[in-house]
Amino acid sequence: SRFLLCALFLTAAVSCSRKATINAVLEQAPQKDIIVKLLDINRYQVLDTVRTNDAGKLSCKVSVQKGQPEFVYLFYGDVKVASLLLEAGDKVEVKADTLGNFSVTGSPESEKLSQLERSQSQVTARLRALSAEYASAPASEQPAIRQQMTREYVDYYRTCVRYVMENSHSLTCVPV
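Residues numbered from 1 in each chain as written. Predicted model: local features only at pLDDT ≥ 70, side-chain atom pairs only at ≥ 80, totals over all residues. Heavy atoms only, no water.

Student: Describe in detail the overall build of the protein, supporting the description with residues and values.
Tutor: Scanning the protein for helices and strands turns up 3 helices and 8 strands. For the protein, the sequential pattern of α-helices and β-strands runs α-β-β-β-β-β-β-β-β-α-α. What you see for the protein is a C-alpha radius of gyration of 21 Å, clearly larger than the 16 Å of a compact globule of 176 residues, by over 25%. The C-alpha extent of the protein, read off along each of the three principal axes, is 85 × 40 × 25 Å. Buried positions account for 31% of the 176 residues belonging to the protein. Long-range contacts, defined here as pairs at least 24 residues apart, represent 52% of the contacts in the protein between residues at least 6 apart. Positive and negative side-chain charges in the protein, numbering 21 and 19 respectively, have mean positions lying 4 Å apart. (Helix = DSSP H or I, 4+ residues; strand = E, 2+ residues; numbered from the N terminus. Rg over C-alpha atoms; globule rule 2.2 N^0.38 Å. Buried < 20%, exposed > 50% of the residue type's maximum accessible area, 1.4 Å probe, protein only. Contact = heavy atoms within 4.5 Å. Lys, Arg positive; Asp, Glu negative; His and termini not counted. Charge placed at Lys NZ, Arg CZ, Asp CG, Glu CD.)

Student: How would you explain unusual backbone geometry if you had to name every residue and give the values?
Tutor: Phi at Gln31 is positive, roughly 55°, even though this residue is not glycine. Relative to the elements of secondary structure, Gln31 occurs in the loop between strand S1 (19-26) and strand S2 (33-40). By relative accessible area, Gln31 is classed as partly exposed at 37%. Of note in the backbone geometry, Ile41 takes a positive phi value of approximately 60° without being a glycine. Structurally, Ile41 is set in the loop between S2 and strand S3 (43-51).

Student: For the sheet that holds S1, give the residues involved together with the corresponding values.
Tutor: Pairing in this open sheet of 4 strands is mixed, and the strands run S4-S1-S7-S8 from one edge to the other. Each having just a single partner strand, strand S4 (57-63) and strand S8 (102-105) make up the two edges of the open sheet. Strand-to-strand twist of the sheet, defined as the mean angle between neighbouring strand axes without regard to direction, takes the value 20°. (Pairing = 2+ DSSP bridges. Axes fitted to C-alpha atoms, helices over the stretch in contact; angles between N-to-C directions.)

Student: Just give me the short version of the nonpolar core, but keep the residues and values in it.
Tutor: Grouped together as the largest cluster of nonpolar side chains are 24 residues, with contacts concentrated most on Ile22, Leu74, Leu86 and Val94. At the level of secondary structure, the elements contributing two or more residues to this core comprise S1, S2, S4, strand S5 (70-76), strand S6 (79-86), strand S7 (91-96) and S8. Among residues more than four places away in sequence, those in contact with Val94 are Ile22, Asn23, Ala24, Val25, Ala82, Leu84, Ser103 and Val104. (Core = buried A, V, L, I, M, F, W, Y, C linked by side-chain atoms within 4.5 Å.)

Student: Give a detailed account of the packing of aromatic side chains, specifying residues and quantitative values.
Tutor: Within this structure, the stated rule accounts for 2 aromatic pairs. Geometrically, the ring pair formed by Tyr44 and Tyr73 is edge-to-face, given 5.4 Å between the ring centres and 75° between the ring planes. You can see Tyr44 sitting in strand S3 and its partner Tyr73 sitting in strand S5, a full 29 residues away along the chain. The class for Tyr73 is buried, based on a relative accessible area of 7%. Arranged with centres 5.2 Å apart and planes meeting at 75°, the rings of Tyr44 and Phe75 form a pair that is edge-to-face. Within this pair, whereas Tyr44 is found in strand S3, its partner Phe75 is found in strand S5, the two being separated by 31 residues in sequence. Three or more aromatic residues link up through ring pairs in this structure, and these residues are Tyr44, Tyr73 and Phe75. (Phe/Tyr/Trp six-rings, centres within 6.5 Å; stacked < 30°, edge-to-face > 60°.)

Shape descriptors only; they carry no functional weight alone.
Below you can see the structure in the form of structure tokens.
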């Protein structure tokens, strides 16, 4: 009877946790400092600096009030290596490299944020490539390239609007 009562108490305490746990592996970054930052309206606030172990692994906890998700970022030097949208009780697993490529599991909102950032990076890369092509193209080919750039941008914009409409209650709409 006491055991059952203790188990219920511990379960309730865990479900009311005001922490989110981040377990990460940073490829090829043994014994490196990772800076954990919180987005505070429009600036970063440093929460902690965590050192990876010999295998590039780290673990930390972040305070998150229930019902008040927080944007948390992991930085390796000046490079943002992971973006997270954490809720109280989340236990996320991050796999990242030192260039900013990462994957995350354990937090549906963080997974959405990761996908959004990946899509934005892909569109940005395509637009940069088209811009470079435009700059070196003969004048006769530039209108077609400009039209392709416009089409690319409009398609991405429509995708963003659709995402916001379908996820209007998600804070992942903020960066969109």
